[in-house]
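Geometric and topological summary
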Amino acid sequence: MTLVLIGLNHKTAPVALREKLATLAPEPAAVYQHLRALKAVREALLYATCNRVEILFASPDPETAIPQVRQLLLAQGDEEDAQAIQQALYVYQEGEAVSHLFQVACGLDSMVMGEPQVLGQIKAAYRQGTEQQATGPLLNRLLHKTFSVAKKVRSETGIGGLAVSVSYAAVELARKIFGSLTDKTGLLIGAGEMAELAVEHLKRHGVARLIVANRTVARGLELAGRFGGEAVSLAELPEQLLRADIVISSTGAPEIILTKDQLKGVMRRRKQRPLFLIDIAVPRDLDPAINDLDNVYLYNIDDLQGVIQANLNHRQEEAVKARRIIDVETQKFLQWRETLAVTPTIIALREKAAQICQTELKKTLAQLGPLSPEQQKSVEVLAESIALKLLHDPFLYLKRNHHPKRRSQDIDLTRRLFNLDQDRNEELH
Amino acid sequence: MVDFWLLLLALASYGAATLVWLGYVWRQQDAWHRAGSWAVTFGWLCHTLALLLETVAQGFFPVGSFGAALSLFSWALITTFLILTWRYPVKVLGAMAPPLAALLLSGSLILPRPPEIAPILQSFWLSFHIVAALLGNATFALAFLGGILYLVQERQIKNKKFGFFYKRLPSLETLDALNYYCINIGFVLLTLGIISGSLYAQYTLGTFWQWDPKETMTLVAWLLYAGLLHERLAKGWRGRRAALLAIAGFAVLMVTFVGADFWHRSYHRFDTFGRLP
């Protein structure tokens, strides 16, 4: 049985092409039906995410199976597309396929390094695959391994850590300043789209209260209503700054709306409780000199972009560690596959013994003449138990956890010793 | 002899805990933090047992020499650290407090112990004075370490340059709360230390206060901390300013603790304590 992975992703194919193949995913039943019809494909799994479409399958005869599955993918577009798809497809086998799947699941193969959604998508696709009864022992094992590897990579490397979106970066910073956000108040100045996104994040991280200060109160009321906050007018800003901890400013005002001196007075009245200001307006709303005040932290949109860039660089570095884990885990999986060969060998041995018993019993019973059913039974039991007792120790030996290389040698020797790979009928006599 | 080996064991545990916690800072896995906590707790038990054995053997609390005071300071530091870890888990402190304790303890083990301790040092009230003062010092030491962490973390957030420690240090508010908590408790302990010492001086030397260098310096530190606490409540002195004051206050205390012993005029010198007016 060989593991094969065929597919294309954002590195090999443009979005137009990926879209065509992604149409496979909404109708997985049809695809799986098609795959099941292929004799050379034993187990299969199809997954399509925004950046890739891949089919993973196990085949006893990859030479036949690969062109068949490739054909299935090529059939998704017209002639012209087929040419392009043909060029974009990659085929990985065995270790490479396993390692590729691990990398995809860990987000190493994604456009945004380390993004977590892809793992969820693979999990969903796997659920679909099992519902379609397309997966079997090998893929089940591989997918479970994949999920545990992804978990391990996530917990042991910083690949998924550190924010890579502006609004999430802002929340992370807020948490480094305030610790928990559950007793904090967010103040929104202006009600732009960007601000809305940031507020959504703040709300999700448990900010206690939200205040929306907007020039037009109607729009402010609407936004405040959506997030369960209160709306105030811009004129109340200095008063509201006393209550807020996190301020997100995104007005369309042409000049600065809050100066250093104004805020200095506010800070005194706040008794220096820390204040985190995020200025996402262009042109800026908040005086950059504000950052010089004690216990005040001012970030503008460029600062946040800088944070994100640094985080992405960090993820790249962590990816090296993640790849190392994946290499080790790929090896482990391949080793596990070799142990699979032990079971067929044991079954073959047992079958051979049973067959010898049958043949010899037939001969002996014929010579012994008429026996009572009890007597006949005990002769049968005798023969069977001798055979099984004799094989008991070889079985134990094979099942013992040897070094993989040694194990494959042992299996090879056993098979030759008991002549398991010859035509049995010929050898029995 | 047993107590010496126990102290060595404690020293080894503090050293091991330091290494484990450095591992925690590097790897950020909770298992390291737990291992460090166990190591330091074990060391603390050995240390406590050694102090008890010494007390039983000598018949009074071992505070009579600079070496003994160092050992006691080290013990006080770990005691307050353990209480703090349980109340305010700032895990990075594990990589800072135990090495400091190990340093103090090894200093104590190197310094010779005087064969005889003056009778004036063998009193319960003097022991109380010294233990309270040292526990206060230890609590201020934690505020000092927390202050350093605050400055490092604040600098990163203010300057928008995030280095190795950004992810590894707790939030500013946590560090600031640690500062407030430690200075409150340290202030009470230091006040108790000063009052008990003063009363004992009146009882034995006939005067409450004699402007000895150690007394003067301690008063400076006490005023510094009192000012910080007052301004914090009144004007909200917190964050960077509170961290800087915690560092300054501890620096004064350390000059007092170590310096006074080399200051000839001071009657607070451990080795000549008994030979005074």
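Residues numbered from 1 in each chain as written. Chains lettered and ligands numbered in written order. Predicted model: local features only at pLDDT ≥ 70, side-chain atom pairs only at ≥ 80, totals over all residues. Heavy atoms only, no water.

1. Brief notes about the overall build of chain A
- A tally of helices and strands in chain A yields 17 helices and 10 strands.
- Expressed as a percentage of the 429 residues in chain A, the buried residues total 47%.
- For chain A, long-range pairs separated by at least 24 residues make up 71% of all intrachain contacts whose partners lie at least 6 apart in sequence.
- Of the roughly 21,500 Å² that chain A leaves accessible, carbon and sulfur atoms contribute 53%. (Helix = DSSP H or I, 4+ residues; strand = E, 2+ residues; numbered from the N terminus. Buried < 20%, exposed > 50% of the residue type's maximum accessible area, 1.4 Å probe, protein only. Contact = heavy atoms within 4.5 Å. Areas by Shrake-Rupley, 256 points an atom, 1.4 Å probe, with all protein chains shown as cover.)

2. Here's the deal with the interface of chain B and chain A
- The partner chain A presents 25 residues to the 24 residues of chain B that form the contact.
- Here chain B packs against chain A, burying approximately 2,000 Å² in sum over the two surfaces, 46% of which is carbon and sulfur.
- Viewed at the interface, chain A and chain B are joined by three salt bridges.
- Between K160(B) and D303(A) there is a salt bridge; the shortest N-O distance is 2.9 Å.
- Connecting chain B to chain A are 15 residue pairs in polar contact (both at pLDDT 80 or more). (Buried area = accessible area lost by both parts, 1.4 Å probe. Salt bridge = Lys/Arg side-chain N within 4 Å of Asp/Glu carboxyl O. Polar contact = N/O pair within 3.5 Å; in protein donor to acceptor, adjacent residues only side chain to side chain.)

3. A short note on the packing of helix 14 (residues 342-368) of chain A against helix 15 (residues 373-399) of chain A
Residue and element names in this part refer to chain A.
- Direction vectors running N to C along helix 14 and helix 15 enclose 155 degrees, while the axes themselves pass 10 Å from each other. Accordingly, the angle class assigned to the pair helix 14 and helix 15 is roughly antiparallel. Along this stretch, helix 14 crosses helix 15, giving a crossing that reads as right-handed. Of the residues in helix 15, those in contact with V342, T345, I346, L349, R350, A353, C357, L361 and L365 of helix 14 are Q376, V379, E380, A383, E384, A387, L388, L391, F395, L398 and K399.
- Broken down by class, the residue content of the contact of helix 14 with helix 15 amounts to 14 nonpolar, two polar and four charged. (Axes fitted to C-alpha atoms, helices over the stretch in contact; angles between N-to-C directions. Parallel < 35°, antiparallel > 145°, perpendicular 65-115°, else oblique. Left-handed = near helix turned anticlockwise from the far one by under 90°. Nonpolar A, V, L, I, M, F, W, Y, C, P; charged D, E, K, R; others polar.)

4. A closer look at the packing of aromatic side chains
Residue and element names in this part refer to chain B.
- Inspection of every chain in the model, using the stated rule, returns 16 aromatic pairs over all chains.
- Centroid distance F66 to F257: 5.8 Å. Interplanar angle 40 degrees. Geometry classified as tilted. Note that F66 is positioned in helix 3 (residues 66-87) and F257 in helix 8 (residues 239-259), a separation of 191 residues in sequence.
- Judged by relative accessible area, F257 falls into the buried class, the value being 5%. (Phe/Tyr/Trp six-rings, centres within 6.5 Å; stacked < 30°, edge-to-face > 60°.)

5. Some remarks on empty space enclosed by the protein
- Here the structure, examined in full by the defined rule, presents two cavities of 30 Å³ or more.
- Empty space within the largest cavity amounts to approximately 60 Å³.
- Lining the largest cavity, in full, are I177(A), P274(A), N295(A), Y297(A), Y150(B), L172(B), E173(B), D176(B), R238(B) and G239(B).
- In terms of residue class, the lining of the largest cavity is built from five nonpolar, two polar and three charged. (1 Å grid on protein atoms, 1.4 Å probe; cavity = no way out; pocket = protein on both sides within 12 Å on 5 of 7 lines; lining within 4 Å. Points joined across faces, edges and corners; volume = space filled by probe spheres on them.)

6. Some words on the nonpolar core
- Core analysis: the biggest nonpolar cluster contains 108 residues, and I248(A), F276(A) and L304(A) have the highest contact counts within it.
- If we ignore the near neighbours within four places in the chain, the residues touching I248(A) are L187(A), L188(A), I189(A), A195(A), A198(A), V199(A), L202(A), I278(A) and I280(A). (Core = buried A, V, L, I, M, F, W, Y, C linked by side-chain atoms within 4.5 Å.)

7. Some details on the pattern of salt bridges
Residues and elements named next belong to chain A.
- Here the structure, examined in full by the defined rule, presents 21 salt bridges over all chains.
- Put simply, R273 and D245 hold a salt bridge, and the shortest N to O gap is 3.3 Å. Taken as a pair, R273 in the loop between helix 12 (260-269) and strand 9 (275-279) and D245 in the loop between helix 11 (237-243) and strand 8 (246-249) lie far apart in primary sequence, 28 residues in all.
- Using a relative accessible area of 6% as the deciding quantity, one classes D245 as buried.

8. A short note on the sheet that holds strand 1 (residues 2-9) of chain A
Residues and elements named next belong to chain A.
- Strand order in the open sheet made by the four strands is 2-3-1-4, with antiparallel pairing throughout. Looking along the sheet, the strands with just one partner apiece sit at the ends: strand 2 (43-49) and strand 4 (90-93). Adjacent strand axes in the sheet meet at a mean angle of 15 degrees when their direction is disregarded.
- Pairing of strand 2 with strand 3 (residues 52-59), which is carried by seven bridges, proceeds in the antiparallel orientation. Paired with L45 across the two strands is L56, which belongs to strand 3.
- This element, helix 1 (residues 15-22), spans strand 1 and strand 3 of the sheet and lies at about 50 degrees to strand 3. (Pairing = 2+ DSSP bridges.)

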